[in-house]
Amino acid sequence: MVDRDAVDKKLSAARTWLVIDKPFLGALVLRMPMAAAEPGWCPSIATDARTLYFNPAYIDGLDLEQTKFILAHGALHAALTHFNRRGHRDRRRWDIATDYAINPLLVADGLKAPPGALLMEQFAGMTAEEIYPYIRENSDEQTLDRHAYDQEPTSSPTPPSRQRQQPEPDAGGSNRAQGEADPEAGGATPPPPLSQSERETLAVQWQQRLAGAAQQALQAGKLKGSMARLVDHLLQPQLPWRMLLARYMTAVARDDYSWQRPSRREGSALLPSLRSTHVDIAIVLDTSGSISDEEMSEFVAEINAIKGQLSARIILHACDEALSEEGPWSFEAWEDIRLPESFAGGGGTNFVPAFEWAEAQDRPPNLLLYFTDADGEFPEHEPPFPVLWLVKGKHPVPWGQRIQLN
């Protein structure tokens, strides 16, 4: 016989510990009301991105450390909006991929996984989308929890939203709505899957909650390591990188007002006048081997399209662990940027030589664009000019503006 009072105390203690010691995870867990579920459909825990359901017998079999893990696991499914990211992928493979994405994060954050948690070292640091292709079709792997926000398409014409409003009677003739507690069974029944509009609304809400939780944890100095990198990646602007690049370059090169004294023919009054300024932009390409020639060509084509709207002189250079001996290459505002037929490179990545070169110019650039995977050695100090990193991959940058390419 399960002692429900002991189970409730264990859940309360786990939530309290997360709030105090892991405020990022704790804030997310507190966003999900908890409800005991009928054991028939919920062998462990389940979530529909609104509520965290639990099987009292399962929680009773966990120790406190494992209970912390399972609560954070359920909350992260919602916070990472796994319910809205599946697209046309197979549901079972997607569910397995999302568990493989979450569990290593929690282990790396110091939490203890309960028995049956899906863990593979090779998936550490990868998103569910990246893991999905590695999941076998008809895999017999089992997720730690039930993802109740989704279900396989059925032939039923009744939409989920209508099921929520007009629940069908159950086998015993009750009109109890799905997800409501059954007094006789002692738990909630399965909630209906989310409709598309519900998914979109919840996705926005959880992104806001994720940002708020991250801010609280950062202020407390308790958001570090792989969890911090994940949050930084998720909170990157979701606009296409081309739009962000154009917006940033245009802002740097915008016309400005001048208070220079006018000529005698214009009078003696000092009035602001609009002046167009010439802009020097330095571009450095990472040739360490992680960036393909096709990606470089795509990037340069985009720069050409943007600089056609600006009065910008481009200085192009390439660098892996040392500057390219063939560079730099200069292009006036009216000239298209053309990549050399080939770059000597493929070594390690060191950003220091490129910044030493840029700072040694007679006139430092108004903006430096660095096209890279950001996996290398950075200068110790930020340069005196703005830097825009266009990053392929998840590595962070110590300063400057970062734009995610993929």
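For the structure itself, look to the data block above.
Here we summarise the structure given alongside this text. From a predicted model like this one, the values you see are computed outputs, not experimental measurements.

1. Section: the overall build of the protein
Part 1 of the argument: Within the protein, the secondary structure is distributed over 12 helices and 14 strands.
Part 2 of the argument: Put simply, of all contacts in the protein between residues at least 6 apart along the chain, 64% involve residues at least 24 apart.

2. Describing the environment of M34
Part 1 of the argument: When you line up the elements, M34 lands in strand β1 (residues 34-36).
Part 2 of the argument: Along the chain, M34 and F54 lie 20 residues apart, while their C-alpha atoms are 7.4 Å from each other.
Part 3 of the argument: Each residue touching M34, except ones within four places of it in the same chain, is listed here: L11, R15, T51, L52, F54 and L71.

3. Structural notes on unusual backbone geometry
Part 1 of the argument: In this model, G327 is joined to P328 through a cis peptide bond whose omega is 0°.
Part 2 of the argument: Mapped onto the elements, P328 comes out in the loop between β10 (312-319) and β11 (329-331).
Part 3 of the argument: Positive phi is not limited to glycine here, since A49 has a value of about 70°.
Part 4 of the argument: Relative to the helices and strands, A49 is located in the loop between β2 (45-47) and β3 (52-54).

4. Considering the sheet that holds strand β9 (residues 279-286)
Part 1 of the argument: Read across the sheet, six strands follow the order β11-β10-β9-β12-β13-β14 without closing on themselves; strand pairing throughout is mixed. Edge positions in the sheet fall to β11 and β14 (401-404), since each of these pairs with one other strand and no more. Averaged over all pairs of adjacent strands, the angle between their axes in this sheet comes to 20°, without regard to strand direction.
Part 2 of the argument: When β9 meets strand β12 (residues 367-372), the two strands line up parallel, connected through five bridges. Directly across from A282, in β12, lies its bridge partner L368.
Part 3 of the argument: Running over the sheet, helix α11 (residues 293-307) touches β9, β10, β12 and β13 (387-391) and is turned about 170° from β9.

5. A look at the pattern of salt bridges
Part 1 of the argument: Throughout the structure, instances matching the rule amount to 11 salt bridges.
Part 2 of the argument: We note a salt bridge from R4 to D8, for which the minimum N-O separation is 3.9 Å. Of this pair, R4 and D8 both sit in helix α1 (residues 4-21), four residues apart, which is roughly one turn of that helix.
Part 3 of the argument: On the accessibility criterion, R4 (34% relative accessible area) is partly exposed.
Part 4 of the argument: The partly exposed category is assigned to D8, whose relative accessible area is 34%.
Part 5 of the argument: Salt-bridge contacts for E129 lead to R85; the nearest nitrogen and oxygen are separated by 2.6 Å. Of the two residues, E129 is situated in helix α6 (residues 128-131) and R85 in the loop between α4 (64-79) and α5 (91-108); the sequence distance between them amounts to 44 residues.
Part 6 of the argument: Connected through salt bridges with shared partners, the residues D280, R313, E332 and R363 form a single ionic network.

6. Points about the environment of P396
Part 1 of the argument: In this fold, P396 is placed in the loop between β13 and β14.
Part 2 of the argument: Taking the relative accessible area as the measure of exposure, P396 reaches 39% and is therefore partly exposed.
Part 3 of the argument: For the pair P396 and D373, spaced 23 residues apart in sequence, the C-alpha to C-alpha distance is 9.3 Å.

7. What to know about the packing of α4 against α5
Part 1 of the argument: Between α4 and α5, the shortest axis-to-axis distance is 10 Å and the interhelical angle comes to 130°. Considered as vectors, α4 and α5 are oriented oblique to each other. Remark: the crossing between α4 and α5 carries right-handed chirality. Facing F69, A72, H73, L76 and H77 of α4, the residues of α5 in contact are T98, D99, I102, N103, L106 and V107.
Part 2 of the argument: Considering only residue class, the contact of α4 with α5 consists of six nonpolar, four polar and one charged.

The rules behind the values
Residues numbered from 1 in each chain as written. Predicted model: local features only at pLDDT ≥ 70, side-chain atom pairs only at ≥ 80, totals over all residues. Heavy atoms only, no water. Helix = DSSP H or I, 4+ residues; strand = E, 2+ residues; numbered from the N terminus. Contact = heavy atoms within 4.5 Å. Pairing = 2+ DSSP bridges. Axes fitted to C-alpha atoms, helices over the stretch in contact; angles between N-to-C directions. Salt bridge = Lys/Arg side-chain N within 4 Å of Asp/Glu carboxyl O. Buried < 20%, exposed > 50% of the residue type's maximum accessible area, 1.4 Å probe, protein only. Parallel < 35°, antiparallel > 145°, perpendicular 65-115°, else oblique. Left-handed = near helix turned anticlockwise from the far one by under 90°. Nonpolar A, V, L, I, M, F, W, Y, C, P; charged D, E, K, R; others polar.

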